[in-house]
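Inside the fold
Now for the letters of each chain:
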Amino acid sequence: MGKRTKQNFQRRDRDFYGTVDPDAVKPLIPFIKGLRIAEVCAGNGDLTDLLEPDCKVVWESDLDPQSKHILQKNAIFLHSGDLQDCDLIVTNPPYLWEMLKPLLDHLPTLRPTWLLLPADCMHNKRMGSYMGKCSKIVSVGRLYWMGNKVKGVDNYAWFEFVDKEVDTVFYGRS
């Protein structure tokens, strides 16, 4: 998943890595507590399970849902009406650029959108135009993605993207 993984690393289909580490959502909760959330890359619902004690996930969809209760729908074809009951989008999207770019182009036009991404992505040239619409960055740190609970070597952050040019506020780890 990260830039330091071995060359022969076999990526999972559609870049699916469930958000299983509770540390992934702890820094985000103060920004979303009590709000109605759309999870549009829901996978098997792991992120929803972590969010639910503090906010209400009212929409769950995925291109290839891994659970019966998650709606099969490609996030780039969502309309504002689909999310009429939602305040925000919160998701852990696929990181492959050909999958992430269309999400960055579309989702913030629907609702303010929080994406869990590798923290380094903000320094990449291809993210330059998107960072102008990033209102907040909330540092998370290292996470585990497998049941073995071994933290990886990359740091992560939540990025809030909106549909207008803004100044970015960074929130470090406490």
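Structure: see above.
Residues numbered from 1 in each chain as written. Predicted model: local features only at pLDDT ≥ 70, side-chain atom pairs only at ≥ 80, totals over all residues. Heavy atoms only, no water.

1. Digging into the overall build of the chain
Rule in force here: A run of DSSP states H or I qualifies as a helix once it reaches four residues; a run of E qualifies as a strand once it reaches two. Both are numbered from the N-terminal end. The globule rule used for comparison is 2.2 Å times the number of residues to the exponent 0.38, while the radius of gyration itself is calculated over C-alpha atoms. Between buried and exposed lies partly exposed: a residue is buried under 20% and exposed over 50% of the maximum accessible area for its type, with that area taken using a 1.4 Å probe on protein chains only. Computed with a 1.4 Å probe, the accessible areas rest on the Shrake-Rupley method; for each residue, only the protein chains presented here act as cover.
When its secondary structure is counted, the chain shows 4 helices and 8 strands. Ordered by position from the N terminus, the helices and strands of the chain form the series α-β-α-β-β-β-α-β-α-β-β-β. Against the 2.2 N^0.38 benchmark of 16 Å for 174 residues, the chain shows a C-alpha radius of gyration of 15 Å, consistent with a compact globule. Based on the C-alpha atoms only, the size of the chain along its principal axes is roughly 45 × 40 × 30 Å. Residue burial in the chain is summarised as follows: out of 174 residues, 47% are buried. Accessible surface, the chain: about 9,200 Å² in total, of which carbon and sulfur atoms supply 51%.

2. Structural notes on the pattern of salt bridges
How we decide: Salt bridge, as used here, is a side-chain nitrogen of Lys or Arg placed within 4 Å of a carboxyl oxygen of Asp or Glu.
Under the definition given, this model contains 8 salt bridges. A salt bridge links Lys26 to Asp23; its shortest N-O distance comes to 3.3 Å. Relative accessible area serves as the criterion here: at 54%, Lys26 is assigned to the exposed category. Exposure remark for Asp23: the relative accessible area of 31% places this residue in the partly exposed category. Connected through shared salt-bridge partners, Asp21, Asp23, Lys26 and Lys151 make up one network.

3. Quick notes on the pairing of strand 1 (residues 36-39)
Every regular strand shows the same layout, with side chains that alternate between the two sheet faces. Using the following cut-off: Strand pairing is assigned whenever DSSP detects at least two bridges linking the two strands.
As paired strands, strand 1 and strand 2 (residues 56-62) are joined by 4 bridges and run parallel to one another. Note that in strand 2 the partner of Glu39 across the bridge is Glu60. With 2 bridges joining them, strand 1 and strand 4 (residues 88-91) adopt parallel strand pairing. If you follow Ala38 over to strand 4, its bridge partner there is Ile89.

4. As for the state of the cysteines
Here a disulfide denotes a covalent bond joining the sulfur atom of one cysteine to the sulfur atom of another. Selection criterion: By disulfide we mean two sulfur atoms from cysteines, separated by a distance within 2.5 Å.
Using the criterion set out here, one finds 0 disulfides in the structure. Cys121 takes part in no disulfide bond, and the closest cysteine sulfur to it belongs to Cys134, at a distance of 8.3 Å. Residue classification places Cys121 among the buried positions, given a relative accessible area of 9%. A relative accessible area of 0% places Cys134 in the buried class.

5. Description of the packing of aromatic side chains
Worth spelling out the cut-off: Aromatic rings from Phe, Tyr and Trp, taking only the six-membered ring of Trp, are treated as a pair when their centres fall within 6.5 Å; an angle between ring planes under 30 degrees marks them as stacked, one over 60 as edge-to-face, and anything in between as tilted.
Considering all chains together, one arrives at 6 aromatic pairs under this definition. On the basis of an interplanar angle of 45° and a centroid distance of 5.6 Å, the ring pair of Phe31 and Trp114 is categorised as tilted. In this pair, Phe31 sits in helix 1 (residues 29-32) while Trp114 sits in strand 5 (residues 113-118), placing the two residues 83 residues apart along the sequence. Its relative accessible area of 1% is what places Trp114 among the buried residues. Taking 5.2 Å as the distance between ring centres and 70° as the angle between the ring planes, the aromatic pair formed by Trp145 and Tyr156 counts as edge-to-face. In this pair, Trp145 is assigned in the loop between strand 6 (134-142) and strand 7 (155-161) and Tyr156 in strand 7, connecting sequence segments 11 residues apart. Each member of the pair, Trp145 as well as Tyr156, is classed as buried. A network of ring pairs unites the aromatic residues Phe31, Trp114 and Tyr171 as a single cluster.

6. Notes on the sheet that holds strand 8 (residues 169-171)
To keep things clear, this is the line we draw: Throughout, a residue-residue contact means that at least one pair of heavy atoms, one from each residue, lies within 4.5 Å. Angles run from 0 to 180 degrees between N-to-C directions of axes, and those axes are lines fitted to C-alpha atoms, restricted for helices to the stretch in contact.
Taken in spatial order, the 8 strands make up an open sheet running 3-2-1-4-5-7-6-8, and their pairing is mixed. Each edge of the sheet is formed by a strand with only one pairing partner; in this case those strands are strand 3 (71-72) and strand 8. Of the strand pairs in this sheet, strand 6 and strand 8 are connected by 3 bridges, and their pairing is parallel. Along strand 8, the bridge assignment pairs Lys136 with Val169. Strands strand 4, strand 5 and strand 7 of the sheet are contacted by helix 3 (residues 97-110), whose axis makes an angle of about 155° with strand 5.

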